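What follows is each chain in one-letter form.
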There are 2 protein chains.
Amino acid sequence: MKVAIMGYGNLGKGIECAVLQNADMELVGVFTRRDPATVKTLTGVAVYSVDELIAKKDEIDVLIMCGGSATDLPKQTAEYAKYFNVIDSFDTHARIPEHFANVDAAAKEGGKVAMISVGWDPGMFSLNRLYANCILPEGKDYTFWGKGVSQGHSDAIRRIPGVKNAKQYTIPVDAALEAVRSGSNPELTTREKHTRECFVVAEEGADLAAIETAIKTMPNYFSDYDTTVHFISEEELLRDHAGIPHGGMVFRTGKTGLNKENTHIIEYKLTLDSNPEFTASVIVAYARAAFRMNAEGMKGCKTVFDVAPAYLSTMSPEEMRAHLL
Amino acid sequence: MKVAIMGYGNLGKGIECAVLQNADMELVGVFTRRDPATVKTLTGVAVYSVDELIAKKDEIDVLIMCGGSATDLPKQTAEYAKYFNVIDSFDTHARIPEHFANVDAAAKEGGKVAMISVGWDPGMFSLNRLYANCILPEGKDYTFWGKGVSQGHSDAIRRIPGVKNAKQYTIPVDAALEAVRSGSNPELTTREKHTRECFVVAEEGADLAAIETAIKTMPNYFSDYDTTVHFISEEELLRDHAGIPHGGMVFRTGKTGLNKENTHIIEYKLTLDSNPEFTASVIVAYARAAFRMNAEGMKGCKTVFDVAPAYLSTMSPEEMRAHLL
């Protein structure tokens, strides 16, 4: 199957690498709003202007949308779902219903499958929440994120006057994890679940105490958390904090038995060296599903909840049953 | 939807309890090969002879097969798939292809959906192997079981002369788990992955040293493992080892990136107080899916790989997207 990438940031690069690991896929090209001459791909795959995209619609089986959730995807996914099977990683949870409705209408008009909100959260974490809720109807859900880099929190620090650069890690609290894993169904506050650790490069002569206070008291982002701030040099930041690791855990703890006497704990845990590359790997598997489901006549907007797992695999049903069941 | 139980052992009792936790389900009755007058259900639900089962086919939406994999299910699931949507927990991995073929033919003949091998392994563990393999095509799988009671190993000990009763626990080795969680992709032998711990009640005057040797040298069951044997009294066995806990972990560790420079670890972990009640909880969720899929016109044999997750939930698609995605 032939895939194309729309937008070439970290996620687009991740898709480019992931396609190489899937022998049934071929990358047609990268499409960008920038001047294609200025974009150099990792593998040398061709770069085209977005203006050429629709003209190439018969050469592309699935178009992978790699823009941001804030402004790119709400417009682009619906726009291109009229012409292509598309897939995105839209992750603004509160706006998913609206995004679904727009994309669904476009995909139905075009007779295409459009898969939204694919990745790990939303994505694999959502799936695990769904499965675990269906298995244990009486129980409690917990989601933890990290240890990992939060782009949004890092950006928020960078906007503070006197800050040259910064990286923020979200870290689950060990005591909270232990309490959940014990099956005791704890009630946990925001502060009890995660801490935040910040590595900050200050401008020369900046007031470090003022920066630290500005971070720790920032509403929504930091004020509800125990936050640690480390001032380091630009060299240290680039040397020790260049990666974009992430991950986290989804738990459901629940009871069964005539008198609810038995406790069960379901845990799904991801430990990821590269957040965008793992997200890309999930997306590529679901791109396969989108293409196959459309080939079977399905159309409209879909999420991970709508995809039978077999559609994701290159194995035949017989191989799957023999080797994985 | 109306469900019925075929066979009333630990799994059947688990189904009886699980149905109570699912408001959209009603238990029509338990069907047994024994004299119904001798079977007392936990909730007082009616017990019928298996001879009455087919006559009640219009009153039952899904028949849940609760017999054993060795002799019951290979016959019964195919037999009843002609008349009912059925679901079983067939777990003899090597015979799944043959079981699938038999059940598929019967279910297609009857226009029914027959779901096989549902539970946690096969079942949720299989699903996690499939998802993780699709996401990380280049990687390594690990499955660990326990800490939990192995019925087969406990039975094997009970067959040794001089043994009155016994319970065997399968225990994953901490060092092996640590090595897998480190992402180092270790090669692990059978002995390195699990240990076996046995609690044995000996007949009076039995040769304990001979029993211990017989256990530790038993081929297939124990000889490839580090095994510990404890002799305890019948009272201690009943007091301290009455439960049937189980669980385990499925891992996939894999690489991404242009030069495979990034490692990712996916872990799915179950900690279960009651193996049969958890298995029953999974089965009940998939019984809902079987009924719905058949109502949409599907027929034939299905496994967890063929079921879109949304079929398992009582939530509407809108609720699912709003609350779980």
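Note that the structure is a prediction, hence the values are computed from the model and not measured.

S.K.: What am I meant to see in the overall build of chain A here?
M.R.: Helices and strands together make up the secondary structure of chain A, namely eleven helices and 14 strands. Principal-axis analysis of the C-alpha atoms places the extent of chain A at approximately 65 × 60 × 35 Å. The burial tally for chain A puts 57% of its 325 residues in the buried class. Across chain A, the fraction of contacts at a sequence separation of at least 24, relative to all contacts at a separation of at least 6, is 69%. Roughly 13,100 Å² of accessible area belongs to chain A as shown, and the carbon and sulfur atoms make up 48% of that amount.

S.K.: What am I meant to see in the sheet that holds strand E13 (residues 262–272) of chain B here?
M.R.: Note on sheets: strands pair through backbone hydrogen bonds, and any given pair is parallel or antiparallel. Strand order in this open sheet of six strands is E7(A)-E12(A)-E13(A)-E13(B)-E12(B)-E7(B), and the pairing throughout is antiparallel. Each edge of the open sheet carries a strand with a single partner, namely strand E7 (139–145) of chain A together with strand E7 (139–145) of chain B. Going across the sheet, the axis of each strand differs from the next one's by a mean of 10 degrees, ignoring polarity. Inspection of the sheet shows strand E13 (residues 262–272) of chain A paired to E13 of chain B by nine bridges, in the antiparallel sense. What sits directly across from Tyr268 of chain A, in E13 of chain B, is Tyr268 of chain B. Across the face of the sheet, helix H6 (residues 174–181) of chain A comes into contact with E7, strand E12 (246–256) and E13 of chain A while running at roughly 30 degrees to E12 of chain A.

S.K.: Before we go on, may I ask you to explain the packing of helix H2 (residues 72–80) of chain A against helix H3 (residues 96–110) of chain A in this structure?
M.R.: Any two packed helices are characterised by the angle at which their axes cross and by the distance between the axes. Residue and element names in this part refer to chain A. It is the contact of H2 with H3, at a shortest axis distance of 8 Å, that shows an interaxial angle of 20 degrees. Between H2 and H3, the interaxial angle falls into the category roughly parallel. In the crossing of H2 with H3, the sense of the turn from one axis to the other is right-handed. Here H2 contributes Leu73, Pro74, Thr77 and Ala78 to the contact with H3, which in turn contributes His99, Asn102, Val103 and Ala106. Looking at side-chain class alone, the contact of H2 with H3 contains five nonpolar, three polar and no charged residues.

S.K.: Explain the relation of the copies chain A and chain B here, please?
M.R.: Comparison of the two chain copies shows a relationship of rotation about an axis with a shift along it. Under the fitted operation, chain A is carried onto chain B by 0.0 Å of movement along the axis and a turn of 180 degrees, and the coordinates agree to an RMSD of 0.0 Å. Look at the turn and shift together and you get a two-fold axis relating the two. For chain A, the smallest separation between a C-alpha atom and the rotation axis is recorded for Ala308 of chain A, amounting to 1.9 Å. Comparing interface residues between copies, 100% of those in chain A also lie at the interface in chain B; the contact surface is shared.

S.K.: Can you help me understand the pairing of strand E9 (residues 163–172) of chain A in this one?
M.R.: In summary, the side chains of a regular strand alternate between the two faces of the sheet. Residues and elements named next belong to chain A. Where burial is concerned, most of E9 is hidden: nine out of the ten residues are buried. Where E9 and strand E10 (residues 194–202) come together, nine bridges link them in antiparallel fashion. Note on E10: the bridge partner recorded for Lys167 is Phe199.

S.K.: What's the story with the interface of chain A and chain B in this structure? I'm lost.
M.R.: By a widespread convention, an interface's size corresponds to the accessible area lost as its parts come together. Opposite the 64 residues of chain A that make contact, chain B presents 64 residues. Taken together, the two surfaces of chain A and chain B that pack against each other cover about 5,700 Å², and 65% of this comes from carbon and sulfur. Taken together, chain A and chain B are joined by zero salt bridges. Counting residues per element, the ones that place at least two in the side of chain A that touches chain B are helix H1 (10–20), H3, helix H4 (124–135), E12, E13, helix H10 (275–295) and helix H11 (317–323) of chain A. Sort the elements by how many residues they give to the side of chain A that touches chain B and E13 of chain A lands first, with eleven residues. For the side of chain A that touches chain B, the class distribution of residues is 34 nonpolar, 18 polar and twelve charged.

S.K.: Got a minute to help me understand the pattern of salt bridges in this structure?
M.R.: Opposite charge on two side chains permits pairing when their charged atoms draw close. All names here are of chain B. Taken as a whole, this structure holds 32 salt bridges over all chains when the rule is applied. In this structure, the salt-bridge partner of Arg95 is Glu98, at a minimum N-O distance of 3.5 Å. Here Arg95 falls in the partly exposed class, since its relative accessible area comes to 32%. Glu98 gets classed as partly exposed once you look at its relative accessible area, which sits at 43%. When the shortest N-O distance is used, the salt bridge between Glu187 and Lys140 registers 3.5 Å. With Glu187 in the loop between helix H6 (174–181) and helix H7 (190–193) and Lys140 in strand E7, this pair connects stretches of sequence that are 47 residues apart.

Rules used throughout
- Throughout this description, residue numbers start from 1 for each chain and increase along the sequence as written.
- By the order in which they are written, chains take letters starting at A while ligands take numbers starting at 1.
- Under the rules for a predicted model, residues below a pLDDT of 70 receive no local features and side-chain atom pairs below 80 are neither given nor counted, while totals for whole chains, interfaces and linings still include all residues.
- Excluding hydrogens and water, the side-chain figures rest on all heavy atoms present in the structure.
- Numbering of helices and strands starts at the N terminus; helices are DSSP runs of H or I of at least 4 residues and strands are runs of E of at least 2.
- We call a residue buried when its accessible area falls under 20% of the maximum for its residue type, exposed when it is over 50%, and partly exposed in between, using a 1.4 Å probe and counting protein chains only.
- Note on contacts: a residue pair qualifies if any of its non-hydrogen atoms lie within 4.5 Å across the two residues.
- Per-residue and other accessible areas were derived by the Shrake-Rupley procedure at a 1.4 Å probe size, with only the shown protein chains allowed to occlude residues.
- Think of it this way: DSSP has to see at least two bridges between two strands before they count as a pair.
- For helices, the fitted axis covers only the stretch in contact; all axes are lines through C-alpha atoms, and the angles between them, taken along N-to-C directions, range from 0 to 180 degrees.
- We call two directions roughly parallel when the angle between them is under 35 degrees, roughly antiparallel when it is over 145, roughly perpendicular when it lies between 65 and 115, and oblique otherwise.
- Put simply, a crossing is left-handed when the front helix is turned counterclockwise from the back one by less than a right angle, and right-handed when it is turned clockwise.
- Following the grouping adopted for this structure description, the nonpolar residues are Ala, Val, Leu, Ile, Met, Phe, Trp, Tyr, Cys and Pro, the charged ones are Asp, Glu, Lys and Arg, and the polar ones are all others, Gly among them.
- In superposing the copies, a least-squares fit is computed on C-alpha atoms, taking residues whose pLDDT is at least 70 in both.
- Two parts placed together each lose some accessible area under a 1.4 Å probe, and the buried area is that loss summed for both.
- Salt-bridge detection follows one rule: a side-chain nitrogen of Lys or Arg within 4 Å of a carboxyl oxygen of Asp or Glu.

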